[in-house]
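Notes for the structure review
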Number of protein chains: 4
Amino acid sequence: MIKTKIAIIGAGGLTGKELINLLAHHPHFQIVHITSNQVDGKHIREVFPDLSHLPDLVFQKHESPVPKEAHIVLATPNEVSLEKAPEFLSEGRKVIDLSGTYRLHDKGKFETAYKFSHTKFEWMDKVVFGLPELFREKIKQTNFVSNPGCYATSAILPIAILGNLRKKIQGPVIVDAKSGVSGAGGRTEEIKFSYTHVYENFRAYKILSHQHEPEMEEYAFVGSDPKEIHFTPHLLPVYRGILATIYITFDSPVDPKEIEDKLRSFAEKEPFVRLYPSPEDIEIKKVQNTNYLDIGFKMKGNTLVLVSALDNLVKGAAGQALQNLNLMFGYPETLGLVTI
Amino acid sequence: MIKTKIAIIGAGGLTGKELINLLAHHPHFQIVHITSNQVDGKHIREVFPDLSHLPDLVFQKHESPVPKEAHIVLATPNEVSLEKAPEFLSEGRKVIDLSGTYRLHDKGKFETAYKFSHTKFEWMDKVVFGLPELFREKIKQTNFVSNPGCYATSAILPIAILGNLRKKIQGPVIVDAKSGVSGAGGRTEEIKFSYTHVYENFRAYKILSHQHEPEMEEYAFVGSDPKEIHFTPHLLPVYRGILATIYITFDSPVDPKEIEDKLRSFAEKEPFVRLYPSPEDIEIKKVQNTNYLDIGFKMKGNTLVLVSALDNLVKGAAGQALQNLNLMFGYPETLGLVTI
Amino acid sequence: MIKTKIAIIGAGGLTGKELINLLAHHPHFQIVHITSNQVDGKHIREVFPDLSHLPDLVFQKHESPVPKEAHIVLATPNEVSLEKAPEFLSEGRKVIDLSGTYRLHDKGKFETAYKFSHTKFEWMDKVVFGLPELFREKIKQTNFVSNPGCYATSAILPIAILGNLRKKIQGPVIVDAKSGVSGAGGRTEEIKFSYTHVYENFRAYKILSHQHEPEMEEYAFVGSDPKEIHFTPHLLPVYRGILATIYITFDSPVDPKEIEDKLRSFAEKEPFVRLYPSPEDIEIKKVQNTNYLDIGFKMKGNTLVLVSALDNLVKGAAGQALQNLNLMFGYPETLGLVTI
Amino acid sequence: MIKTKIAIIGAGGLTGKELINLLAHHPHFQIVHITSNQVDGKHIREVFPDLSHLPDLVFQKHESPVPKEAHIVLATPNEVSLEKAPEFLSEGRKVIDLSGTYRLHDKGKFETAYKFSHTKFEWMDKVVFGLPELFREKIKQTNFVSNPGCYATSAILPIAILGNLRKKIQGPVIVDAKSGVSGAGGRTEEIKFSYTHVYENFRAYKILSHQHEPEMEEYAFVGSDPKEIHFTPHLLPVYRGILATIYITFDSPVDPKEIEDKLRSFAEKEPFVRLYPSPEDIEIKKVQNTNYLDIGFKMKGNTLVLVSALDNLVKGAAGQALQNLNLMFGYPETLGLVTI
């Protein structure tokens with residue numbers, strides 16, 4: 001069987017490593033090209049010693065020519081994805097972009113959140129948001145997928161599952177999320193990510209101003225009326241995993257049974273969504289190194305608390321990208337995701 | 001100068017250790033009696049090797065006779081405090097109780113939260129809630145102080161500071177708090193507090209059902225109308241420290257300057273409250289081993305996010321107890337609290 | 001192709017979990033039976049939520065009947081392995097035992113180290129020590145393999161590689177090893193493995209009296225004269241990984257080039273041994289979740305320092321077991337070990 | 001009573017913070033001047049928020065004039081101490097230097113270890129090595145103390161205590177030590193001290209080449225014959241604390257009772273040395289935030305294993321400096337060290 005060839009542009013970081021590992025074990029994909037401007041010239045086994053057993057490849061510069069038949073995974077900074085995605089698409093390649101560049105359809109909100117001018121906004125008509133649980137059919141038919149943010153995934157799905165109950169939400173939805181360092185967006189050489197600053201410590205950051213907040217607002221209410229989301233991320237002294245605690249107040253009583261039914265029927269049909277009867281049993285340890293999104297809830301009066309957890313590098317990044325790639329290329333959706 | 005004699009009942013745990021250390025270095029207090037039913041017969045230096053340099057004492061059983069002239073700090077389980085506090089008070093001793101037994105004036109809420117019958121409820125008329133920033137003058141004049149819970153302290157003060165703005169709060173106040181293991185109420189021998197279960201992990205617990213929720217509701221709105229608080233605690237893989245993220249929605253626009261003024265004027269007159277202009281600068285590392293409560297805020301539309309941090313064993317327990325003892329015995333309020 | 005059927009006796013612990021995960025992804029093995037007296041009656045997905053995607057099985061009691069055609073992996077306590085191994089062997093099954101029961105050929109040393117009487121010592125003539133790098137050919141031909149200890153593996157191989165230089169060793173060999181909690185032999189419910197006792201802490205244990213010391217002495221000098229080994233294990237506040245620092249003094253000068261040649265030629269022919277030119281580059285992070293043993297050295301005068309690292313649950317337990325199973329059943333030695 | 005005035009040159013780092021905290025609580029010392037070229041112009045409360053309650057001071061540049069009557073603590077880099085110490089001594093001030101500059105009396109070994117030329121070597125005749133347990137009387141009479149290294153302290157004392165038994169040592173003494181990040185000499189902004197590189201990791205560094213090795217060799221054998229020491233430091237994923245495992249082989253049998261007697265009689269007369277009957281009970285947690293050095297031992301044949309532990313920032317740096325200052329100024333040796 002001929003394998004589908006993949007080039008990973010920007011493969012030298014934590015997400016890149018995860019992508020390499022997942023794709024290398026997938027029966028139908030073959031990595032043919034990897035790039036990194038930081039470690040170009042080095043072998044996979046030098047950059048990631050715990051992947052020494054994988055087929056070896058040498059990192060190239062971002063600008064080096066990509067083999068003709070390769071499709072593209074972009075794990076590059078926003079400004080690089082902005083230019084590269086249209087370029088590769090124009091060459092007839094399929095592209096999945098893990099940056100935030102092609103997620104927001106409101107140009108003003110994009111430029112406020114990302115702080116640079118979006119010069120390729122015409123592509124926003126063509127891109128599909130890569131959340132298979134919501135947009136599976138569109139993903140199957142597109143050449144261009146924008147992979148969701150890790151925090152965004154942890155909040156969008158639990159809210160979207162509420163369906164028509166979303167219309168009864170009163171006041172802003174509060175998303176209080178906590179992430180390990182690999183998902184907190186930090187480059188490891190920054191002082192605030194030093195051992196001394198993270199260990200035995202905890203803090204909030206980008207309160208009400210994180211770039212995933214507009215992403216949540218755009219997609220959590222698809223098919224319903226838009227509502228405000230107030231999002232605060234926090235930095236956990238752990239390596240991987242996100243747990244989000246989501247607070248929703250309804251304008252009138254809602255039967256907990258109705259919530260449970262919606263969550264249960266959703267979880268039953270989704271391969272990577274698991275419902276926990278007791279939300280206190282949800283832990284990031286249970287989702288680490290898996291593509292699962294775990295969800296649960298509790299109610300008191302008109303207030304609903306949703307708890308969700310995922311691995312920011314898997315369901316929050318590389319795993320979800322592979323789930324999308326499977327859909328884009330017609331492979332079984334879970335292929336290569338049952339082993340990490 | 002004659003020192004004030006103190007007996008610590010229930011001194012063998014983490015709070016007991018903190019109390020011993022603080023009182024041993026205080027110029028006007030002298031520990032004359034310590035009890036623990038777990039480690040009775042042992043010396044301080046055996047139970048807490050890092051306190052070997054302190055004047056040594058042997059742990060007694062809870063029931064052993066307490067020296068006549070001693071005043072009492074209770075760091076005992078709720079059921080023990082229930083009996084012991086009235087007993088010691090009747091003997092003419094001053095008592096400060098660190099358990100939750102004498103905090104709630106609503107008997108029904110108490111029994112729901114603590115799951116046992118409060119047979120000494122007549123004492124609720126006499127006890128003073130030991131939050132010096134709110135009840136300083138009453139504490140100075142009472143013989144019986146109930147020391148606040150660690151989570152409760154982190155939420156009550158930031159909300160109470162809002163003063164008359166509390167009347168404009170719409171819908172429930174959300175308190176999303178995260179604590180290190182020493183404050184999470186867990187006994188270390190439980191499997192859920194094993195290294196394997198806490199390390200590289202994070203979870204919520206007692207969602208909307210923690211016993212500090214009614215305590216917050218009773219004291220955060222003193223002098224205002226009661227409002228609902230929805231509280232979710234989480235377990236951090238750190239040893240000490242609590243960070244609380246509090247979400248409040250007002251029924252109409254509030255000038256952030258007004259919030260800032262209230263917080264600033266409060267912080268300026270309180271020795272142990274610090275205001276951070278940027279709430280992202282608040283970290284549990286900055287309050288560990290101190291008696292400070294750090295606060296900050298951010299607004300967006302009608303939503304206010306308050307962030308607070310404290311050390312659960314100091315301002316959340318033993319440090320606040322000493323602050324109260326200083327007030328009860330007429331010593332300077334900060335004495336012995338500038339060194340931990 | 002017909003798969004080889006495997007029963008894992010004692011599959012409910014950390015090593016059991018690792019075995020389940022590895023075997024479930026192996027193309028030629030099929031797990032048909034798993035037992036655990038702690039969690040019998042539960043599903044894999046309940047006990048190990050991060051393995052939910054694997055083919056599900058229900059844990060049985062140790063005593064429940066094992067399917068006829070199944071071969072056996074024992075991950076049971078020593079006393080259970082003692083009885084079970086001969087039983088299964090007598091039924092014509094192949095057996096690999098991960099306990100320490102069948103490793104030492106000196107009965108006295110066994111009983112001193114393990115503190116119980118070895119009533120099946122006749123089987124010590126038949127068992128093969130499962131260190132493929134030293135006993136590959138014997139493993140291929142036996143029905144009964146005793147899988148090495150994790151600490152033992154980290155020390156035996158680096159010393160054995162020295163070959164004829166071992167005769168020049170003067171005085172005892174010092175093995176100072178440090179392990180994460182998953183390899184330190186502790187049951188998680190013990191107080192000494194609580195978060196509070198392990199976090200921000202470090203200690204030595206079983207100094208000069210660990211049961212892997214005689215195992216090192218028996219196998220590190222195979223084909224040479226016996227020497228004394230002095231072994232001290234330490235408990236690291238990490239989850240997985242062992243790093244051993246080994247100190248050897250020679251009776252006369254040895255050319256570092258000779259050491260390097262021996263290590264290099266060994267690493268070149270062994271799929272799971274990697275040589276690091278600078279031993280300071282060896283880290284447990286680089287071997288976690290892999291089957292590699294990393295080695296390096298430094299010399300000063302007549303003293304040689306060897307550094308080695310491995311993942312105690314993989315090369316130190318389940319990975320090495322699979323490497324042995326591959327050999328025992330004639331599959332390629334590295335099959336199923338390049339993905340964890 | 002008039003307080004002794006102290007200037008801390010180089011007070012902006014972790015040791016500086018510890019010095020500020022200790023001296024601020026000492027009844028007879030007063031900090032009058034602090035310098036740091038990194039944070040000059042900032043207040044103590046800005047640089048160290050958990051020291052906000054201390055008398056506030058503003059950091060000056062290293063070169064700013066030091067108040068006339070102040071004595072000096074140098075916590076500066078080696079090259080700065082080299083120049084500053086003689087300068088301050090010539091002005092008639094007492095000086096204690098925490099750098100490694102004035103510790104080694106062998107110029108060649110110094111220059112090999114520290115990699116720069118020692119241009120003030122004439123001062124090596126005047127300086128006293130600040131290990132009170134060995135050089136108490138000399139420290140009382142000198143104006144110039146060189147404070148020992150943290151690793152060096154953990155190894156020198158346990159070996160020196162052996163007294164005349166040191167003559168029976170055969171072959172090199174092995175010192176295998178493990179330190180938290182605060183003592184590992186690393187600047188926090190280096191990538192190798194990032195959270196991602198230290199957490200869930202462990203490694204050796206500077207194997208047989210650390211600058212404390214010659215320091216150990218010079219002082220561990222004072223009053224005996226020189227012996228070789230082979231020292232390997234390791235980096236623990238903890239914040240503070242060192243545990244050293246020391247391996248010694250004697251040329252003939254030694255009665256363990258003799259070792260015990262030597263250790264016990266030493267510990268009995270030294271306020272900051274504690275003997276543990278079982279060396280497995282020694283933990284870095286027991287010495288954190290204290291000035292204790294904990295020791296214990298185990299023997300097997302002619303091999304002695306010594307275990308020691310200390311807090312690298314206290315007994316390994318600032319606490320030991322204060323112990324020396326107490327001696328230099330005629331105050332009780334333990335003053336200000338029973339509270340950290």
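Residues numbered from 1 in each chain as written. Chains lettered and ligands numbered in written order. Predicted model: local features only at pLDDT ≥ 70, side-chain atom pairs only at ≥ 80, totals over all residues. Heavy atoms only, no water.

1. A look at the pattern of salt bridges
The line we're drawing: Salt bridge criterion: a side-chain nitrogen from Lys or Arg within 4 Å of a carboxyl oxygen from Asp or Glu. Burial here depends on accessible area, computed with a 1.4 Å probe over protein chains only, as a share of the maximum for the residue type. Under 20% is buried, over 50% is exposed, and the range in between is partly exposed. Secondary structure counts use DSSP, requiring at least four H or I residues in a row for a helix and at least two E residues in a row for a strand, with both numbered from the N terminus.
In total, this model carries 103 salt bridges over all chains according to the counting rule given. E283 of chain A is paired through a salt bridge with K286 of chain A; the nearest N and O atoms lie 3.5 Å apart. When its relative accessible area of 11% is taken as the criterion, E283 of chain A is described as buried. Here R136 of chain B ties to E270 of chain B by a salt bridge, and the two come within 2.7 Å at their closest N and O atoms. Note that R136 of chain B is positioned in helix α5 (residues 132–141) and E270 of chain B in the loop between α9 (256–269) and β12 (273–275), a separation of 134 residues in sequence. In this structure, R136 of chain B and E270 of chain B share a single accessibility class: buried. Put simply, R136, K269, E270 and E333 of chain A are held in one network by salt bridges that share partners.

2. Quick look at the packing of helix α6 (residues 150–160) of chain D against helix α8 (residues 212–219) of chain D
Residues and elements named next belong to chain D. Here is the rule: Fitted lines through C-alpha atoms give the axes, limited to the stretch in contact for helices. The angle between two N-to-C directions lies from 0 to 180 degrees. In this scheme, roughly parallel covers angles under 35 degrees and roughly antiparallel covers those over 145, while 65 to 115 is roughly perpendicular and the rest are oblique. Working rule for handedness: look at the near helix, and if it is turned counterclockwise from the far one by less than a right angle, call the crossing left-handed; if clockwise, right-handed. In this analysis, two residues are considered to be in contact whenever any of their non-hydrogen atoms come within 4.5 Å of each other. Ten residue types, Ala, Val, Leu, Ile, Met, Phe, Trp, Tyr, Cys and Pro, are classed as nonpolar, four, Asp, Glu, Lys and Arg, as charged, and the remainder, Gly among them, as polar.
Packing of α6 against α8 brings their axes to within 9 Å, and their N-to-C directions diverge by 30°. Relative to α8, α6 is oriented roughly parallel. α8 is crossed by α6, and the crossing has right-handed handedness. Between α6, through C150, Y151, A152, A155 and I156, and α8, the contact on the second element is made entirely by H212, E215, M216 and Y219. Residues of the contact of α6 with α8, tallied by class, amount to 7 nonpolar, 1 polar and 1 charged.

3. Examining α8 of chain D
When you tally the buried positions in α8 of chain D, you get 7 out of 8 residues, the bulk of the element. Among all positions in α8 of chain D, only H212, E213, P214, E215, M216, E217 and Y219 of chain D are buried.

4. Some thoughts on the sheet that holds strand β9 (residues 203–204) of chain B
Residues and elements named next belong to chain B. Heads up, the condition is: Strands are labelled as partners when DSSP assigns at least two bridges between them.
Within the open sheet, the 7 strands sit side by side as β9-β10-β8-β11-β14-β13-β12. Their pairing is mixed. Each having just a single partner strand, β9 and β12 make up the two edges of the open sheet. Sheet topology places β9 next to strand β10 (residues 229–235); 2 bridges connect them, and they run antiparallel. Bridge pairing links R203 to L235 in β10. Contacts between helix α6 (residues 150–160) and the sheet are confined to β8 (169–179), β10, β11 (242–250), β13 (293–300) and β14 (303–310), with β11 contributing the most and set at about 40° to the helix.

5. Some details on the relation of the copies chain B and chain A
What counts is decided by this rule: Least-squares superposition of the copies uses the C-alpha atoms of those residues scoring a pLDDT of at least 70 in each of them.
At an RMSD of 0.0 Å, chain B and chain A line up after a rotation of 180° and a shift of 0.0 Å along the axis. A rotation of that kind, with that shift, is consistent with a two-fold axis. Interface overlap between copies is the fraction of interface residues in one copy that are interface residues in the other; for chain B against chain A it reaches 100%, indicating a shared surface.

6. Focus on the domain arrangement of chain A
Residue and element names in this part refer to chain A. Worth spelling out the cut-off: Either an automatic procedure or a domain database provided the assignment from which the domain bounds are taken. Buried area is understood as the total, over both parts, of accessible area removed when two parts are fitted together, assessed with a 1.4 Å probe. The term polar contact refers here to a pair of N or O atoms within 3.5 Å; inside protein, the definition further demands a hydrogen-donor-capable atom paired with an acceptor-capable atom, and it admits residues adjacent in sequence only when both atoms are side-chain atoms.
For chain A, the assigned domains are domain 1 (4–148 + 316–328) and domain 2 (151–312). The gap between the C-alpha centroids of domain 1 and domain 2 is 24 Å. Between domain 1 and domain 2, the contact holds 20 residues from the first and 24 residues from the second. The contact between domain 1 and domain 2 buries some 1,900 Å² in all, and 56% of this surface belongs to carbon and sulfur atoms. Connecting domain 1 to domain 2 are 3 salt bridges. E18 is paired through a salt bridge with R240; the nearest N and O atoms lie 2.7 Å apart. The tally of links between domain 1 and domain 2 comes to 10 residue pairs in polar contact (both at pLDDT 80 or more). For the side of domain 1 that touches domain 2, the secondary structure elements donating two or more residues are α1 (14–24), α4 (107–114), α5 (132–141) and α10 (314–328). The element contributing the most residues to the side of domain 1 that touches domain 2 is α10, with 5 residues.

7. Quick notes on the sheet that holds strand β4 (residues 71–74) of chain B
Residue and element names in this part refer to chain B. Strand order in this open sheet of 7 strands is β3-β2-β1-β4-β5-β7-β6, and the pairing throughout is parallel. Each having just a single partner strand, β3 (59–60) and β6 (128–129) make up the two edges of the open sheet. Contacts between helix α1 (residues 14–24) and the sheet are confined to β1 (4–9), β2 (29–35), β3 and β4, with β2 contributing the most and set at about 155° to the helix. Its contacts with the sheet put helix α3 (residues 78–90) on β1, β4, β5 (95–97) and β7 (144–146), and the angle it makes with β4 is roughly 170°.

8. Describing the layout of surface pockets
Rule in force here: A cavity here means a set of points on a 1 Å grid, drawn over the protein atoms and nothing else, where a 1.4 Å probe fits but cannot get out; a pocket is an open set with protein on both sides within 12 Å along at least five of seven lines, and a residue lines either one if it has an atom within 4 Å of a point. Grid points are joined across faces, edges and corners, and a volume is the space filled by probe spheres set on the points.
By volume, the second largest pocket is sized at about 510 Å³. In terms of lining residues, the second largest pocket is bounded by 19 residues, among which R274, L275 and Y276 of chain A together with R45 and S52 of chain C are the most central. When contributions to the lining of the second largest pocket are tallied by element, the ones reaching two or more residues are α9 (256–269) and β12 (273–275) of chain A together with α2 (44–47) of chain C. Of the residues that constitute the lining of the second largest pocket, the class distribution is 10 nonpolar, 2 polar and 7 charged.

9. A short note on the environment of Y205 of chain A
Within the fold, Y205 of chain A resides in the loop between β9 (203–204) and α8 (212–219). Relative accessible area serves as the criterion here: at 10%, Y205 of chain A is assigned to the buried category. Separated by 75 residues in sequence, Y205 of chain A and E280 of chain A place their C-alpha atoms 25 Å apart. Each residue touching Y205 of chain A, except ones within four places of it in the same chain, is listed here: Y151, A184, H210, P233, H234 and L235 of chain A together with E280 of chain B.

10. A word on the interface of chain B and chain A
Every contact between the two is made by 44 residues of chain B and, on the other side, 44 residues of chain A. Of the roughly 3,600 Å² buried between chain B and chain A on both sides combined, carbon and sulfur atoms contribute 59%. Across the contact surface, chain B and chain A share 6 salt bridges. Between K300 of chain B and E213 of chain A there is a salt bridge, with its nearest N and O atoms 2.1 Å apart. At the junction of chain B with chain A, the criterion picks out 37 residue pairs in polar contact (both at pLDDT 80 or more). Where the side of chain B that touches chain A is concerned, the elements lending two or more residues are β8, α7 (195–198), β9, β10, β11, α10 (284–287), β13 and β14 of chain B. In terms of residue count, β8 of chain B provides more of the side of chain B that touches chain A than any other element does, 5 residues in total. When grouped by side-chain class, the residues that make up the side of chain B that touches chain A number 21 nonpolar, 11 polar and 12 charged.

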